[in-house]
Amino acid sequence: MRRAIYPGTFDPITMGHLDIIERSSKLFDEVVVALLLNMEKQPMFSTDERVAMIREVIPWANVTVGTFEGLLVHYAVQQQAQFVVRGIRAISDYEYELQMALMNRELNAQVETIFMLPAVEYTYVSSRLVKEVFRLGGDVARLVPPVVLESLKARLPVAVVT
Ligand code: PNS
């Protein structure tokens, strides 16, 4: 049984995340999308909201959603997952991801990090940019699932340009 963890903040989940989850679901027997709790940075959406949005947009039977605190490798062991999946969009992601992957390997060499590339059309998409663009009145409909777009609309008064 090959089980992978796909960890992140998912504030909110984007089409780029979803693309990586779909690819992972084909590669592994089971995938756990794992949302980090107790972040120092203030997320826009609560943990429950983020988990609910993810659950609503994952149609794959072998993908589940969980939350974790503390070290990712501890959670991986607890979940009996041998793999951690991380998406890499551009070379700028690489340095941070390399550090995390090597630190995780230092902590537990049994947990293997697998880097995956999203579809080209999502290589520039990030949760941070989606929120910024939406906040300023830009159209992000193609970049997030419909349920996320609705949640953004409910959460943020769109800036009115006069
Ligand atoms: O969506 P993000 O913010 O890029 O996800 C980062 C995440 C959650 C994968 C990372 O911060 C993490 O794994 N945190 C758990 C703490 C941990 O294990 N730290 C040591 C690994 S470097």
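Look up: the structure comes first, before these words.
Rules and cut-offs
- Residues numbered from 1 in each chain as written.
- Predicted model: local features only at pLDDT ≥ 70, side-chain atom pairs only at ≥ 80, totals over all residues.
- Heavy atoms only, no water.
- Helix = DSSP H or I, 4+ residues; strand = E, 2+ residues; numbered from the N terminus.
- Expected span 1.5 Å × (residues − 1).
- Buried < 20%, exposed > 50% of the residue type's maximum accessible area, 1.4 Å probe, protein only.
- Polar contact = N/O pair within 3.5 Å; in protein donor to acceptor, adjacent residues only side chain to side chain.
- Axes fitted to C-alpha atoms, helices over the stretch in contact; angles between N-to-C directions.
- Parallel < 35°, antiparallel > 145°, perpendicular 65-115°, else oblique.
- Left-handed = near helix turned anticlockwise from the far one by under 90°.
- Contact = heavy atoms within 4.5 Å.
- Nonpolar A, V, L, I, M, F, W, Y, C, P; charged D, E, K, R; others polar.
- Salt bridge = Lys/Arg side-chain N within 4 Å of Asp/Glu carboxyl O.

A. Here's a closer look at helix 1 (residues 15-27). Taking 1.5 Å of rise per residue, the 13 residues of helix 1 would be expected to cover 18 Å, and the 19 Å separating its terminal C-alpha atoms lies within 8% of that figure. Taken residue by residue, helix 1 has G16, H17, L18, D19, I20, I21, S24 and S25 as its buried positions. Where helix 1 begins, the capping side chain belongs to T14, and its oxygen is found 3.1 Å from the backbone nitrogen of G16.

B. Representation of the packing of helix 5 (residues 127-135) against helix 6 (residues 146-155) in the model. Look at helix 5 against helix 6: their axes get within 11 Å of each other, and the N-to-C directions meet at 50°. Accordingly, the angle class assigned to the pair helix 5 and helix 6 is oblique. Between helix 5 and helix 6 lies a crossing whose hand is right-handed. Contacts between helix 5 and helix 6 pair V130, K131 and F134 from the former with L149, L152 and K153 from the latter. Its residues assigned to classes, the contact of helix 5 with helix 6 shows 4 nonpolar, no polar and 2 charged.

C. Molecular detail of the pattern of salt bridges. For the coordinates displayed, the defined rule picks out 10 salt bridges. With a shortest N-O distance of 3.6 Å, E22 and K26 are connected by a salt bridge. Of this pair, E22 and K26 both sit in helix 1, separated by 4 residues, roughly a single helical turn. Of the charged contacts, one joins D93 and R89 as a salt bridge, the two residues approaching to 2.9 Å between their closest N and O atoms.

Function-wise, these values are silent; they only describe arrangement.
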